[in-house]
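Topology and contacts: notes
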Amino acid sequence: MDSTPAAGLPGYSLVISGGLYSSQAPATALAFAKALVSTGHRIDRVFLYGEGVSLASALNTPPSDETDWTRAWQELLTDQDIPAFACIASALRRGLLNQQEADRYQRPAANLADGFVIAGLGEWVQALADSDRVIHFPGGA
Amino acid sequence: MSKPDSKVPPVTATLHLVNKTPDHSRFAECLLAMGQGDYLLLMENAVVAVADCRHRLPPDTGFLVADARARGLGDEPSEKGPQPLEYADMVRLTDRFHRIVSW
Amino acid sequence: MTDSAVLVVIDQPPYGDWQGREALDMAFSLAAFDRPVALLFRGPGVNWLRPGQDAGPLGQKTVSRNLGAATIFGVEALYADTTSLAHFGLRDMEPPAETVSPDAAFYRSFSHVVQL
């Protein structure tokens, strides 16, 4: 796959705030992200917020005949070298921790999936400043 | 069928991304917020709006084919109704519109 | 990129979920990074502005205290939807907000509109 961003195309950031099994947001965002990549667009960053942080749990274990959205996202992030952030306040509240936070708060385990980084809302503010387009995938109903 | 990239929108024109059913208050709020040159993209649960006889959708409306097919909708081509769009068409829309609002 | 403000919309009542709090965090974060930001309370979200809240018995923090600090932290404006205020019988607001009838022109006056 040719992933060299074409000149003149807008750069994108994606914000996912819909939860993994309470919404379609992570799946829609993945399909959109793949369409961006296949049309030569640059994805500057992905930011998970609110319920959206559920995507970044390494412990998500769907049945083997269902799509593993976390793994599917990890593959895209790795293949395309896209930075992905989970909001620290959203993540900690919901029990999504990296090793550093697990140590800091003396929790028995860390569960942040590879390819994702815990970061503050500043990463989102930066996305608004840096990316030509910031597309938000909220929860549904 | 006219593709969504046939016109260049004015700078203030907005692409509205709606993923809620027509019964959700955000759906009505979105329609109220639509102005000249705006485009409405129905995604996820919002695609059932193409079958909802209670609502008149704006002329510049599209829906994601994958979401519609999944729900058994949208395979019959219509001259004036909402346009069926692939994810790549959605990218063409998000490229064209500088302002994009999710509802 | 224009220098106009980001509009963060709150359209759910307080305390029933964390959506509004997390939307408010986004607004405060923008303000902390010196990005212009405004809040709009719309639909049941106008109940955030109801005076006399006490969420202590729920084990939660009362939101009007956070909200009262919004302008101090750099949030440029608080807006409340006129029709929604009438629907929920709100005449007094705490903190006070500017009443608006949000339409295309209103939303277009912001660089981004964020609705969680």
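Everything here concerns the structure above.
To start, this report covers the structure provided alongside it. Once a new chain begins, its residue numbering starts again from 1 and follows that chain's sequence as written. Each chain gets a letter, beginning with A, and each ligand a number, beginning with 1, in the order they are written. The predicted origin of the model limits local features to residues at a pLDDT of at least 70 and limits the giving and counting of side-chain atom pairs to 80 or more, whereas totals for whole chains, interfaces and linings rest on all residues. Only hydrogens and water are removed before side-chain values are computed, so all heavy atoms of the structure are retained for them.

**Here's the deal with the nonpolar core**
Where we set the bar: As used in this record, nonpolar core signifies buried Ala, Val, Leu, Ile, Met, Phe, Trp, Tyr and Cys residues forming a set joined through side-chain atoms within 4.5 Å. For the exposure calls, accessible area comes from a 1.4 Å probe over protein chains only, and a residue counts as buried if that area is under 20% of its type's maximum, exposed if over 50%, partly exposed in between. Helix and strand labels come from DSSP, where a helix needs a run of H or I of at least four residues and a strand needs a run of E of at least two; each type is numbered from the N terminus. Only heavy atoms matter for contacts: two residues are in contact if any of them lie within 4.5 Å across the pair.
In terms of nonpolar packing, the biggest core is built from 48 residues, with Val46(A), Trp73(A) and Phe116(A) touching the most fellow members. At 9 residues, helix H1 (residues 25-38) of chain A tops the list of elements feeding residues into this core. Apart from residues lying up to four places away in sequence, Trp73(A) is in contact with Leu14(A), Ile16(A), Pro26(A), Ala29(A), Leu30(A), Ala33(A), Val46(A), Leu55(A) and Phe116(A). Val15(A), Phe47(A), Tyr15(C) and Val114(C) belong to the second largest nonpolar core, which has 41 residues in total.

**Notes on helix H2 (residues 69-80) of chain A**
All names here are of chain A. Under the convention used in this document: By this rule the span expected of a helix is its residue count minus one, scaled by 1.5 Å.
Spanning 12 residues, H2 covers 16 Å between terminal C-alpha atoms, matching the ideal 16 Å at 1.5 Å per step. For H2, the full list of buried residues reads Thr70, Ala72, Trp73, Gln74, Leu76, Leu77 and Gln80. Turning to H2, the residues buried within the fold contact strand S1 (12-16), H1, strand S2 (43-48), strand S3 (84-87) and strand S4 (116-119). Residue Asp81 follows H2 closely and has a positive phi angle near 55°.

**A short note on the packing of aromatic side chains**
Selection criterion: Ring geometry is summarised as follows: Phe, Tyr and Trp rings, the Trp one being its six-membered ring, pair when their centres sit within 6.5 Å, and such pairs are stacked at plane angles under 30 degrees, edge-to-face over 60 and tilted between the two.
As enumerated under the stated definition, the model contains 10 aromatic pairs over all chains in all. For the ring pair Tyr12(A) and Phe32(A), a centre distance of 5.9 Å and an interplane angle of 65° mean the geometry is edge-to-face. One end of the pair, Tyr12(A), is in strand S1; the other, Phe32(A), is in helix H1, with 20 residues separating them in the sequence. Measuring from centroid to centroid gives 5.7 Å for Phe106(C) and Tyr107(C), while their planes differ by 75°, and the two rings are edge-to-face. Here Phe106(C) and Tyr107(C) have matching classes, each one buried.

**Here we look at the pattern of salt bridges**
All names here are of chain C. Where we set the bar: Counted as salt bridges are all cases of a side-chain nitrogen of Lys or Arg within 4 Å of a carboxyl oxygen of Asp or Glu.
For the coordinates displayed, the defined rule picks out 15 salt bridges over all chains. The salt bridge involving Asp11 is made with Arg42; its shortest N-O contact spans 3.2 Å. Note that Asp11 is positioned in the loop between strand S1 (6-10) and helix H1 (19-32) and Arg42 in the loop between strand S2 (37-41) and helix H2 (63-68), a separation of 31 residues in sequence. Neither residue differs from the other here; Asp11 and Arg42 are each classed as buried.

**Focus: the sheet that holds strand S5 (residues 133-137) of chain A**
Strands belonging to one sheet form pairs held by backbone hydrogen bonds; the direction of such a pair is parallel or antiparallel. All names here are of chain A. The condition is simple: Two strands are said to pair when DSSP picks up at least two bridges between them. As a rule, the C-alpha atoms of each element are fitted with a line to give its axis, helices using only the stretch in contact, and angles between N-to-C directions run from 0 to 180 degrees.
The strand order across the open sheet formed by 5 strands is S4-S3-S2-S1-S5, and the pairing between neighbours is parallel. Of all the strands in the sheet, the pair left with one neighbour each is S4 and S5. Neighbour-to-neighbour, the strand axes of the sheet open up by a mean angle of 25°, direction not taken into account. Relative to S4, S3 runs parallel, the two being bridged by 4 bridges. From the neighbouring strand, Ala86 faces S4, where its bridge partner is Ile118. Of the strands in this sheet, S1, S2 and S5 touch H1, which is tilted by about 170° from S1.

**Let's talk about helix H3 (residues 87-96) of chain B**
Most of H3(B) sits inside the fold, with 8 of its 10 residues counted as buried. Here H3(B) has its buried residues at Tyr87(B), Asp89(B), Met90(B), Val91(B), Leu93(B), Thr94(B), Asp95(B) and Arg96(B).

**Re the interface of chain C and chain B**
Basically, it comes down to this: Accessible area that two parts lose when put together, with a 1.4 Å probe and added across both, is what the buried area reports. Think of a polar contact as two N or O atoms within 3.5 Å of one another; within protein, one of them needs to be a possible hydrogen donor and the other a possible acceptor, and neighboring residues in sequence only count if both atoms come from side chains. When residues are grouped by polarity, Ala, Val, Leu, Ile, Met, Phe, Trp, Tyr, Cys and Pro land in nonpolar, Asp, Glu, Lys and Arg in charged, and all others, Gly among them, in polar.
Listed per partner, the contact involves 12 residues of chain C and 15 residues of chain B. Each partner contributes to the roughly 1,100 Å² buried at the junction of chain C and chain B, and carbon and sulfur atoms together form 38% of this total. Sorting the residues of chain C by area buried against chain B places Arg42(C), Arg108(C) and Gln115(C) first, and these three jointly supply 50% of that buried surface. Across the chain C-chain B interface, the total number found is 3 salt bridges. Arg108(C) serves as the salt-bridge partner of Asp38(B), at 2.5 Å between the closest nitrogen and oxygen. Where chain C touches chain B, the interface holds 8 residue pairs in polar contact (both at pLDDT 80 or more). Elements supplying a minimum of two residues to the side of chain C that touches chain B: helix H4 (104-108) and strand S5 (112-115) of chain C. Among the elements that make up the side of chain C that touches chain B, the one with the highest residue count is H4(C) (3 residues). Partitioned by chemical class, the residues of the side of chain C that touches chain B number 5 nonpolar, 3 polar and 4 charged.

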